[in-house]
Amino acid sequence: MNSSIAYTSTSHCPTDDTFWPPVNLRQLRAALSLNSTISETRLKIAALGATLKVNTMLAAWRFNLRQQGYVHLEHVPAPSIDDCSILVAYYINAIETTTALELSQHLKISACGRACHLDELCANGLFTSENRHHDE
């Protein structure tokens, strides 16, 4: 993943924390192989939820990095793959994975009409393009 790809589109998932790289919704849709049955609004809501969860989990780490003077994740020294910091690639991957889990939860809610608790072991085998009922 090239870091310039993550920043070029105007369709980003908004965030109030500039430490983390922006999440490009078009790239996210492509990475998750989502078709048009997942609307832009649904994807954006799932990405916002995923971003909030991931950023909350990484808040203490981010705080420590900011204390060391790092303003953006991409400035933290790390190996690069295809001109992209591996830390940025890991962060984007965490957002992709959590967005897929968010979408699978939303799909289960719309399929059965009520909120279902997400069983992570079951969700690991669930693709976002699938619409499975929670009792299956």
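Residues numbered from 1 in each chain as written. Predicted model: local features only at pLDDT ≥ 70, side-chain atom pairs only at ≥ 80, totals over all residues. Heavy atoms only, no water.

Participant: Before we go on, may I ask you to explain the environment of Ile95 in this structure?
Facilitator: Residue placement: Ile95 occurs in helix H5 (residues 86-112). A sequence separation of 46 residues divides Ile95 from Gly49, and the C-alpha atoms of the two residues are 9.4 Å apart. Residues contacting Ile95, with those up to four places away along its chain left out, are Val23, Ala50, Thr51 and Val54. (Helix = DSSP H or I, 4+ residues; strand = E, 2+ residues; numbered from the N terminus. Contact = heavy atoms within 4.5 Å.)

Participant: For this particular structure, what's the right way to read the packing of aromatic side chains?
Facilitator: Under the counting rule described, the total for this entry stands at 3 aromatic pairs. Within the aromatic cluster, the residues linked to one another by ring pairs are Phe19, Trp20, Trp61 and Tyr91. (Phe/Tyr/Trp six-rings, centres within 6.5 Å; stacked < 30°, edge-to-face > 60°.)

Participant: Would you explain the side chain of Asn24 in this entry?
Facilitator: With respect to the element layout, Asn24 can be found in strand S2 (residues 23-24). At a separation of 2.8 Å, a polar atom in the side chain of Asn24 contacts the main-chain amide nitrogen of Arg26. Reaching out from Asn24, the side chain makes a polar contact with the backbone nitrogen of Gln27 at a distance of 2.9 Å. (Polar contact = N/O pair within 3.5 Å; in protein donor to acceptor, adjacent residues only side chain to side chain.)

Participant: Would you mind going over unusual backbone geometry with me for this structure?
Facilitator: Note on backbone geometry: most residues besides glycine have negative phi, and most peptide bonds are trans. Of note in this structure, Ser33 is not a glycine but carries a positive phi near 55°. Along the polypeptide, Ser33 turns up in the loop between helix H2 (25-31) and helix H3 (40-57). Accessibility expressed as a relative area gives 56% for Ser33, which makes it exposed. Its identity as a non-glycine residue notwithstanding, Asp83 has a phi of 65°, on the positive side. Relative to the helices and strands, Asp83 resides in the loop between strand S3 (80-81) and strand S4 (84-85). (Buried < 20%, exposed > 50% of the residue type's maximum accessible area, 1.4 Å probe, protein only.)

Participant: Even after reading the chapter, I still don't get the nonpolar core, so can you show me in this structure?
Facilitator: Leu28, Leu43, Leu73, Tyr91 and Leu103 are the most contacted members of the largest nonpolar core, which has 23 residues in total. Only H2, H3 and H5 provide two or more residues apiece to this core. Broken down by element, the residue count for this core peaks at 7 residues, all from H5. Beyond its immediate chain neighbours, meaning those up to four positions away, Leu28 contacts Val23, Leu43, Ala47, Glu96 and Thr99. (Core = buried A, V, L, I, M, F, W, Y, C linked by side-chain atoms within 4.5 Å.)

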